[in-house]
Amino acid sequence: MVFNKIGVVGAGTMGQGIAEMLASRGLEVLLIERTPERLDQAWEQMEISLDKQIEKWAITIPEKKLILSRIHKMTDWSRLSECDMVIESISEDLDLKKQVFARLDDLCPPPIILASNTSTLSLTEIAAATKVPERVIGLHFLYPVSKIHLVEIIRAVKTSEDTFEQTRRFVEQTIQKRGIQVYESPGFVTTRLICILINEAMHALSERVATADDIDSAMRIGYDFRYGPLEMADRFGLDSVLAAMERMFREFGELKYRPSFLLKQMVRAGHLGTKTGQGFFTYDKDGDRL
């Protein structure tokens, strides 16, 4: 299969990043949201992202215009039947995702591949909402999508070999990222491991072992992390980290996945990270540290 047109359902932080990355690789993107207002907000954020790249001489102004010209904002789902693949990137809510996939299954005839960007949910359960579960697969992109060259390709129980091979070629040849094969397990590989690190950093902070800035500096400088674990949590969204931790704690029943009480406090206070401007650190409207 040749991939030319990709649907992206959900224009939140990850949906924006996926759409921008796909368009920068020369693909046509149909970006779906519930309302024009949400699409306009996503468009504004993508423009900010591209403007930052222009400031760093990573792209030119004509390249920015070309990338945006390949992204088509729409609320009409029927056009998704024109795509070669549809990537769902809505919030981590199993029932909502199942509703989305049931709708996509009706709209998109095989051999269109239906992929989910879920970081913790069961692909097998999501696929069960469709009539053709063999074409459902997980594509877990990491934040920030344009800079992280890794994608987890998650196989549900009924994912066909052909679907996996086509998806692997899409990841490695079409969008030129490194794909790793993951068999379904709560948190897969990346979320499962990073959440434990983030949780332990919060325990260290609450126990006053070190300040937030020093904890992050230890991992950023000492282990060459792009961001320290606390800033990483801010950028993921503390509510998203909490949801992932609670889900893995329920699934595995092991204490190492029990979320820090500090994390729960932060979420209850509405300090969710970059999305609210306040988390373990403070951020401006563009998501830059203050």
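Residues numbered from 1 in each chain as written. Predicted model: local features only at pLDDT ≥ 70, side-chain atom pairs only at ≥ 80, totals over all residues. Heavy atoms only, no water.

Peer 1: What is the right way to read helix α11 (residues 261-268) from this model?
Peer 2: Given 3.6 residues per turn, any residue in an α-helix points the same way as the ones three and four places further on. Of the residues making up α11, those classed as buried are Leu262, Leu263 and Met266. Down the axis of α11, the buried set is contained in an arc of 100°. They therefore lie on one face. Opposite the packed face of α11, turned more than 90 degrees from it, sit the exposed residues Phe261 and Arg268. Taken together, the buried residues of α11 touch α7 (190-206) and α10 (238-252). Measuring from the backbone nitrogen of Leu262 back to the side-chain oxygen at the start of α11 gives 3.1 Å, which picks out Ser260 as the cap. Just downstream of α11 lies Gly270, where phi reads positive at about 80°. (Buried < 20%, exposed > 50% of the residue type's maximum accessible area, 1.4 Å probe, protein only. Helix = DSSP H or I, 4+ residues; strand = E, 2+ residues; numbered from the N terminus. Arc of directions from axis to C-beta. Contact = heavy atoms within 4.5 Å. Polar contact = N/O pair within 3.5 Å; in protein donor to acceptor, adjacent residues only side chain to side chain.)

Peer 1: Help me understand the UniProt feature "site: Important for catalytic activity" (unreviewed entry) in the protein in this model?
Peer 2: In the UniProt entry, the feature "site: Important for catalytic activity" (unreviewed entry) is given for His140. Mapped onto the secondary structure, His140 falls in strand β6 (residues 136-141). Since its relative accessible area comes to 6%, His140 is described here as buried. Those residues within four positions of His140 in sequence are excluded, and the remaining contacts are Ser116, Asn117, Thr118, Ser119, Leu150, Val151, Glu152, Ile154, Phe188, Thr190 and Thr191. In this structure the side chain of His140 is engaged in a polar contact, spanning 2.6 Å, whose partner is the side chain of Glu152. (UniProt positions renumbered as here; feature names shortened; annotations may be inferred.)

Peer 1: Sorry if this is basic, but what is going on with the pairing of strand β4 (residues 85-88) here?
Peer 2: It is a general feature of regular strands that their side chains alternate between the two faces of the sheet. Alternating residues of β4 divide into Met85 and Ile87 and Val86 and Glu88, and every residue in both groups is buried. For strand β1 (residues 5-9) and β4, the ladder comprises four bridges, and the chain directions are parallel. Paired with Gly7 across the bridge in β4 is Val86. When β4 meets strand β5 (residues 113-116), the two strands line up parallel, connected through four bridges. Directly across from Met85, in β5, lies its bridge partner Ile113. Once the chain exits β4 it traverses helix α4 (residues 94-107) before rejoining the sheet at β5, and the crossover so formed is right-handed. (Pairing = 2+ DSSP bridges. Right-handed = clockwise from strand over helix to strand, strands pointing away.)

Peer 1: Before we go on, may I ask you to explain unusual backbone geometry in this structure?
Peer 2: Negative phi characterises most residues that are not glycine, and trans characterises most peptide bonds. Cis geometry is adopted by the peptide bond preceding Pro111, which originates at Pro110 and carries an omega value of 15°. In this structure, Pro111 sits in the loop between α4 and β5. Of note, the bond from Tyr143 into Pro144 is cis; its omega dihedral lies within 30 degrees of zero at -5°. Positive phi values are uncommon outside glycine, yet Arg208 reaches one of about 60°. By relative accessible area, Arg208 is classed as exposed at 77%. Positive phi, normally seen in glycine, also occurs at Asp224, with a value near 60°. Relative to the helices and strands, Asp224 resides in the loop between α8 (212-222) and α9 (229-236). When its relative accessible area of 70% is taken as the criterion, Asp224 is described as exposed.

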